[in-house]
Amino acid sequence: MNYLIFRKMKSLRTCLRIHQSALNSCCLVKPCSTYSNEKQTHFGFKDVGEKEKKEAVLNVFHSVADTYDLMNDAMSLGIHRVWKDEFMKTLAPGPRTKLLDVAGGTGDISFRFLDYVGKDALNAENGAHVTVCDINKSMLGVGEARAHKLGHSSGISWVEGDAQELPFPDKSFDCYTIAFGIRNVVRIDLALTEAFRVLKPGGRFMCLEFSKVTPPELESLYDFYSFQVIPPMGKLLAGDWDSYQYLVESIRKFPDQEKFAGMLKNAGFRFVKYENYSFGVAAVHSGYKL
Ligand SMILES: C[S@@+](CC[C@H](N)C(=O)[O-])C[C@H]1O[C@@H](n2cnc3c(N)ncnc32)[C@H](O)[C@@H]1O
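Residues numbered from 1 in each chain as written. Predicted model: local features only at pLDDT ≥ 70, side-chain atom pairs only at ≥ 80, totals over all residues. Heavy atoms only, no water.

Caption draft 1: How the structure looks around unusual backbone geometry. Here threonine 214 and proline 215 are connected by a cis peptide whose omega angle stands at 0°. Residue placement: proline 215 occurs in the loop between strand S7 (199-210) and helix H8 (219-238). For phenylalanine 180, which is not glycine, the phi dihedral falls at a positive 55°. In this fold, phenylalanine 180 is placed in the loop between strand S6 (173-179) and helix H7 (188-198). Of note, phenylalanine 271 is a non-glycine position whose phi angle comes to about 55°, a positive value. Considering the arrangement of structural elements, one finds phenylalanine 271 in strand S8 (residues 270-277). (Helix = DSSP H or I, 4+ residues; strand = E, 2+ residues; numbered from the N terminus.)

What follows is the structure, given as structure tokens:
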């Protein structure tokens, strides 16, 4: 009798296991990508496949392109301008510097570069030049229209491309910048390897990105502003809650200052250091290719 019950339970368990695996393979239990060969990553707080993240990030920036600059001013109360000015002062480009600004979007970093080096350097033979590279046509379109409006016609070019597979030869740039872009890239390690590849020996990498706030007592205030104010503001000013929800979630998923510095060292950069802006709301990381 006991033996019969044992046999029945065993076959029931086997049956349940088959049923469970059938359910899984039909994607009824978890998202399909969990069971495909695709590597997993995150889009904000959601677990997604790498391709899915790339598409979702493209959609976010297509959606926000037209209101991107207005929202930056509103969300940061204009402070992002101070951070970007400071970032360019630290980079201190010279009259012949060739800069690659990756994830350059609507041009904030590149316009500061053009202003910093000045018209003479831009018009000189073999003078300073910035290449803005971004994966998103809509962001580049807004950037080019701004450049036209601001009279920035020389010393700048616009290229559509992915930070993970840059469409440039090895050793082509003196400096590589990426501002508020790298946390959106699916494989940060690949983007850093590419940054290292396209820099000339002696070239400098500089990244401006949201980071970890210190001291910890500030965290709850920062969390309140991030999660309770920013998405509603996105809805009100840009008609888009979800993109701004992604923004604040993606900031929380990005490695903290020390961890990101470690990633730069792993990619081959030397003299790696970082500086916090506004209590670590943002941080600038810098490193050199020797
Ligand atoms: C928050 S915006 C930053 C724009 C600009 N750098 C600034 O500071 O205002 C992020 C930009 O990263 C771009 N981006 C996201 N993933 C990328 C990738 N894999 N390669 C190149 N650009 C990417 C987006 O299209 C978007 O324009």
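Caption draft 2: Examining a nonpolar patch on the surface more closely. Among the surface-exposed residues, Leu70, Leu236 and Leu237 lie close enough to one another that they form a single nonpolar patch of about 320 Å² accessible area. Among the secondary structure elements, leucine 237 is positioned in helix H8. (Patch = residues over 30% accessible without salt bridge, like charges linked within 9 Å, V, L, I, M, F, W, Y side chains within 5 Å. Areas by Shrake-Rupley, 256 points an atom, 1.4 Å probe, with all protein chains shown as cover. Salt bridge = Lys/Arg side-chain N within 4 Å of Asp/Glu carboxyl O.)

Caption draft 3: Local environment of the packing of helix H3 (residues 68-76) against helix H4 (residues 79-91). Two numbers describe how H3 lies on H4: the axes approach to 7 Å, and their chain directions differ by 100°. By the criterion of interaxial angle, the relationship of H3 to H4 is roughly perpendicular. Touching Asn72, Asp73 and Ser76 of H3 are Ile79, His80, Arg81 and Lys84, all from H4. A class-by-class count of the residues in the contact of H3 with H4 yields one nonpolar, three polar and three charged. (Axes fitted to C-alpha atoms, helices over the stretch in contact; angles between N-to-C directions. Parallel < 35°, antiparallel > 145°, perpendicular 65-115°, else oblique. Contact = heavy atoms within 4.5 Å. Nonpolar A, V, L, I, M, F, W, Y, C, P; charged D, E, K, R; others polar.)

Caption draft 4: Spatial organisation of H3. Taken residue by residue, H3 has Tyr68, Asp69, Met71, Asn72, Met75 and Ser76 as its buried positions. Along the axis of H3, the buried residues cluster in a sector spanning 160°; they form a single face. Elements that come into contact with the buried residues of H3 comprise helix H2 (50-64), H4, helix H5 (108-123), helix H6 (137-150), H8 and helix H9 (241-253). (Buried < 20%, exposed > 50% of the residue type's maximum accessible area, 1.4 Å probe, protein only. Arc of directions from axis to C-beta.)

Caption draft 5: Spotlight on the pairing of strand S2 (residues 46-49). Strand direction decides the pairing type here: strand S1 (residues 40-43) and S2, joined by four bridges, are antiparallel. Each residue of the ladder has a partner; that of phenylalanine 43, found in S2, is lysine 46. Counting the residues that bridge the hairpin from S1 to S2 gives two residues, and of these glycine 44 lies at a positive phi of roughly 60°. (Pairing = 2+ DSSP bridges.)

Functional significance is not addressed by these values, which are geometric in nature.
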